[in-house]
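Descriptive structure summary
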Amino acid sequence: STVPVCSLVGSSFEIFLLEKARVVSHSKNERTFHIFYQLLAAPSAFKENLFQGFGSATHDSFRYVGSTGSRIIEGRTDTEHFELTVSALKTFGIEGEELNTLMKALCIVLQLGNLTFEPDPSVDGEGALLVAE
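Rules of the game
Sequence order as written defines residue numbering, which begins from 1 separately in each chain. Only residues with pLDDT of at least 70 are given local features in this predicted model, and only at 80 or more are side-chain atom pairs given and counted; all residues enter the totals for whole chains, interfaces and linings. As a convention, hydrogens and water are excluded, and side-chain values are obtained from all of the structure's heavy atoms. A score between 0 and 100, pLDDT records how confident the predictor is in each residue. Here a helix means four or more residues in a row that DSSP labels H or I, a strand means two or more in a row labelled E, and each is numbered from the N terminus. Note on contacts: a residue pair qualifies if any of its non-hydrogen atoms lie within 4.5 Å across the two residues. Every axis corresponds to a line fitted to the C-alpha atoms, with the helix fit spanning only the stretch in contact, and the corresponding angles, defined between N-to-C directions, vary from 0 to 180 degrees. Convention used here: angles under 35 degrees read as roughly parallel, angles over 145 as roughly antiparallel, angles from 65 to 115 as roughly perpendicular, and any remaining angle as oblique. By the definition used in this description, the sense in which the near helix is turned from the far one sets the handedness, with an anticlockwise turn below a right angle giving left-handed and a clockwise turn giving right-handed. Any residue that is not Ala, Val, Leu, Ile, Met, Phe, Trp, Tyr, Cys, Pro, Asp, Glu, Lys or Arg is counted as polar, Gly included; the first ten are nonpolar and the last four charged. What counts as a salt bridge is simple: a side-chain nitrogen of Lys or Arg found within 4 Å of a carboxyl oxygen of Asp or Glu. Here's how the labels work: a residue is buried when its accessible area is under 20% of the maximum for its type, exposed when over 50%, partly exposed in between, all with a 1.4 Å probe on protein chains only. Throughout, nonpolar core names a set of buried Ala, Val, Leu, Ile, Met, Phe, Trp, Tyr and Cys residues whose side chains join them through atoms within 4.5 Å. Side-chain rings of Phe, Tyr and Trp (the six-membered ring for Trp) are treated as a pair once their centres are within 6.5 Å; stacked means planes under 30 degrees apart, edge-to-face means over 60, and tilted covers the remaining angles. Geometrically, a lysine NZ or arginine CZ counts as sitting over a ring once it is within 6 Å of the ring centre and also within 35 degrees of the ring normal.

Here we look at the confidence of the model for the protein chain
For the protein chain, the average pLDDT comes to 85, and 92% of its residues sit at 70 or higher. Confidence, read as mean pLDDT per element, is least for helix α1 (residues 20–24) in the protein chain (76) and greatest for helix α4 (residues 78–91) (95).

Looking at the side chain of Thr 32
Along the chain, Thr 32 falls in the loop between α1 and α2 (34–40). Excluding residues within four positions of it along the chain, Thr 32 makes contact with Arg 22, Val 23, His 26, Tyr 37, Tyr 64 and Val 65.

Here we look at the packing of α4 against helix α5 (residues 96–112)
Contact pair α4 / α5: the axes reach a minimum separation of 11 Å and the direction vectors enclose 130°. One element, α4, and the other, α5, form an angle in the oblique class. As α4 runs across α5, the sense of the crossing is right-handed. In this structure, α4 uses Phe 82, Val 86 and Leu 89 to contact α5, whose residues at the interface are Leu 99, Leu 102 and Met 103. Within the contact of α4 with α5, the residues separate by chemical class into 6 nonpolar, no polar and no charged.

Considering the pattern of salt bridges
Within the structure shown, the criterion is met by 1 salt bridge. Note that Arg 31 is salt-bridged to Asp 78, the shortest N-O span being 2.8 Å. One end of the pair, Arg 31, is in the loop between α1 and α2; the other, Asp 78, is in helix α4, with 47 residues separating them in the sequence. The pair formed by Arg 31 and Asp 78 is uniform in burial state, with each residue classed as buried.

Here's the deal with unusual backbone geometry
Peptide bonds are mostly trans, and most non-glycine residues show a negative phi. Its identity as a non-glycine residue notwithstanding, Glu 74 has a phi of 50°, on the positive side. By the element assignment, Glu 74 lies in the loop between β1 (72–73) and β2 (76–77).

Examining the nonpolar core
Core analysis: the largest hydrophobic core is formed by 21 residues, its most contacted members being Leu 39, Phe 46, Phe 54 and Met 103. Sorting the residues of this core by element identifies α2, α3 (44–50), α4 and α5 as the ones contributing at least two each. In terms of residues, this core owes the most to one element, α5, which gives 5 residues. Contact partners of Phe 54, with chain neighbours within four places excluded, come to Leu 39, Leu 40, Lys 47, Glu 48, Phe 62 and Cys 107.

A look at the packing of aromatic side chains
One pass over the full model with this rule turns up 3 aromatic pairs. Relative to Phe 36, the ring of Phe 33 lies with its centre 6.4 Å away and its plane at 80°, an arrangement referred to as edge-to-face. In terms of burial, Phe 33 and Phe 36 fall into one category: buried. Taking 5.3 Å as the distance between ring centres and 65° as the angle between the ring planes, the aromatic pair formed by Phe 46 and Phe 82 counts as edge-to-face. Here the residue Phe 46 occupies a position in helix α3, and Phe 82 occupies one in helix α4, the gap between them amounting to 36 residues. In this structure Phe 82 comes out as buried when scored by relative accessible area, which is 5%. Directly above the ring of Phe 54 sits Lys 47, whose terminal nitrogen or CZ lies 5.8 Å from the centroid.

This is the structure:
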């Protein structure tokens, strides 16, 4: 007997829930979103193409990820998962400059986590000052 072959011909999202709390904090040995680790494990040349100096970035470069235990998930390294993610995104037409724009947005999220603020004393606690990067 033959098994029918099906193809996805379209899709749409009406609502996408992003757990913001998982971006900014997670348990000591727990990971935040896997894409951050995959991006950090991407080839240095790819990362450097996104932002100057990002090519040598590691987990320890960003507060939002930090060091976690294993770099192997379901038998694959973060680098292998990155390659699979890029391939899957390509299936949906996200490649080239669109892929770079998406990855740059993820880099910006990581970089925002390294900013430190403190209350601005000149505005009665209604504002904040950037004190460290």
